[in-house]
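Residues per chain are reported as follows:
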Amino acid sequence: MSSTYLPPALGESVHEIFYPDVQTTVNLFAIHLRSVGTDWDYPAHEHPQYELNYVTEGEQRMMVNGTLYIQKAGELLLIPPGSIHSSQSHNGKGFTYFCMHFDIDDQLFLSLLARIKQVRFSRDSPVTQQIEPVLRKLMSSADDETASTMVQRMQLQSAVFELFGHLWEAVSQEAAQWFTDDGHEKIELAHQIRNRLQGLMSQQFKQGHESKHHYGIDDIAAELGISSSHCNRVFKQVFGQSPRAVLSQLVLHEAKLLLGNPKLSVQNIAVMLGYKDIAHFSRQFKRWSGMSPSRYRQEQPALE
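Residues numbered from 1 in each chain as written. Predicted model: local features only at pLDDT ≥ 70, side-chain atom pairs only at ≥ 80, totals over all residues. Heavy atoms only, no water.

1. Some points on the sheet that holds strand β8 (residues 95-104)
Thought 1: Ordered by their spatial adjacency, five strands build an open sheet running β1-β8-β3-β6-β9, and the pairing between neighbours is antiparallel. Edge strands, defined here as strands with exactly one partner in the open sheet, are β1 (26-36) and β9 (120-121).
Thought 2: Relative to β9, strand β6 (residues 76-79) is paired through two bridges, and the arrangement is antiparallel. In the strand pairing of β9, L77 is matched with R120.
Thought 3: Set on the sheet, helix α2 (residues 126-140) makes contact with β1, β3 (50-57), β6, β8 and β9; between it and β3 the angle comes to about 80°. (Pairing = 2+ DSSP bridges. Helix = DSSP H or I, 4+ residues; strand = E, 2+ residues; numbered from the N terminus. Contact = heavy atoms within 4.5 Å. Axes fitted to C-alpha atoms, helices over the stretch in contact; angles between N-to-C directions.)

2. Comments concerning the sheet that holds strand β4 (residues 59-64)
Thought 1: An order of β2-β7-β4-β5 is seen for the four strands of this open sheet, with the pairing classed as antiparallel. Two strands close off the open sheet at either side, each with one partner strand: β2 (41-45) and β5 (67-72). Each strand axis lies, on average, 20° off the axis of its neighbour in the sheet, ignoring direction.

3. Some points on the environment of D277
Thought 1: With respect to the helices, strands and loops of the structure, D277 is situated in the loop between α8 (266-272) and α9 (278-289).
Thought 2: By relative accessible area, which is 35% here, D277 ends up partly exposed.
Thought 3: Considered as a pair, D277 and Q267 are 10 residues apart in the sequence and their alpha carbons are 7.5 Å apart.
Thought 4: Among the polar contacts made by the side chain of D277, one reaches the main-chain amide nitrogen of H280 at a distance of 2.7 Å. (Buried < 20%, exposed > 50% of the residue type's maximum accessible area, 1.4 Å probe, protein only. Polar contact = N/O pair within 3.5 Å; in protein donor to acceptor, adjacent residues only side chain to side chain.)

4. Notes on the packing of aromatic side chains
Thought 1: Scanning all chains against the criterion turns up 10 aromatic pairs.
Thought 2: Between the aromatic rings of Y50 and F102, the centroid separation amounts to 5.5 Å while the plane-to-plane angle is 10°, which identifies the pairing as stacked. A residue pair is termed long-range when its members are at least 10 positions apart, and Y50 in strand β3 and F102 in strand β8 qualify at 52 residues.
Thought 3: Geometrically, the ring pair formed by Y275 and F281 is tilted, given 5.4 Å between the ring centres and 55° between the ring planes. Take Y275 and F281: they sit in the same class, and that class is buried. (Phe/Tyr/Trp six-rings, centres within 6.5 Å; stacked < 30°, edge-to-face > 60°.)

5. Thoughts on unusual backbone geometry
Most peptide bonds take the trans form, and the phi angle of most residues other than glycine is negative.
Thought 1: Positive phi is not limited to glycine here, since A30 has a value of about 45°.
Thought 2: Tracing the chain through its elements places A30 in strand β1.
Thought 3: The phi dihedral of N65 falls on the positive side, at around 50°, and the residue is not glycine.
Thought 4: Tracing the sequence through the fold places N65 in the loop between β4 and β5.

6. What to know about the pattern of salt bridges
A side chain of one charge can pair with a side chain of the opposite charge when the charged atoms of the two come close.
Thought 1: In this structure the tally under the stated criterion is five salt bridges.
Thought 2: Between K137 and E162 there is a salt bridge; the shortest N-O distance is 2.7 Å. Remark: E162 occurs in helix α3 (residues 149-175) and K137 occurs in helix α2; sequence separation between them is 25 residues. (Salt bridge = Lys/Arg side-chain N within 4 Å of Asp/Glu carboxyl O.)

7. Here's the deal with the environment of I104
Thought 1: Tracing the backbone through its elements, the reader meets I104 in strand β8.
Thought 2: Residues I104 and Q49, spaced 55 residues apart in sequence, show a C-alpha to C-alpha distance of 8.8 Å.

8. Considering α9
Thought 1: Here α9 contains 12 residues, and its C-alpha end-to-end distance of 16 Å stays within 8% of the 16 Å for a straight helix at 1.5 Å per residue.
Thought 2: All of the buried residues in α9 are F281, Q284 and F285. Relative to the axis of α9, the buried residues are bounded by an arc of 100° and lie together on one face. Of the exposed residues in α9, those oriented more than 90 degrees away from the buried face are R283 and R287.
Thought 3: On the buried face of α9, the contacting elements are α7 (243-259), α8 and α10 (293-299). (Expected span 1.5 Å × (residues − 1). Arc of directions from axis to C-beta.)

This is the structure we're talking about:
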């Protein structure tokens, strides 16, 4: 959400479709494609990011939190943050693998990943089959020696977001088995709720003026023909968080973006985000972030 959005005046719009806002920050670390010899032995370690590890040739012995996985060519490991893991060659032979560490600030995506307890995905797994073509694209991106560094970076980022899209779809399908026979319907409903939460940020809070009634969770439930309690229950089953918690994260994220703009007063920002007064906004912001809006603004570099 940004302060540049202004909704059309009533009567002007004949038809419109709101697409989800993109407010995701992705950090990529230590991406590499490596071939190792028969004596490869990487000691036990951990890191605060997810690790995606894909073997292209040979076999890898990977120990993750005390469990041994023999990872064959075409198989994928998704190692959660904080997992203690080590790697070795298997059967006295070398192997080749692609590895990427990532951190993403999309809480819905992270909450869904966190609920997947599986670490190794076979060659025939829907997860592996969904993302394998994109992994191949990532691995081949380094072969173009004529591309500039900036072009390579943009191509890399494009492929990574494509990978996340496929990973989201595949993991969502895997998640259906957590539930009963109506699992697919529950996941689809949870995604509809999520999309409407994002749309809420686009339509409700971008109007730049106070409103006596703010469209919220109860309105989303009513539009979908379900009770508020069912709305909250299904969403939390799928994403591990309540819709209200996710909405709070979206508002906090937007508040931080707006506070980085020195041309906007805290009062203006409070109104833009739907608060009746600056005191209410300040209390809520401090409860979420641990500091007042003014202090947060002082500690962040201002946008030029």
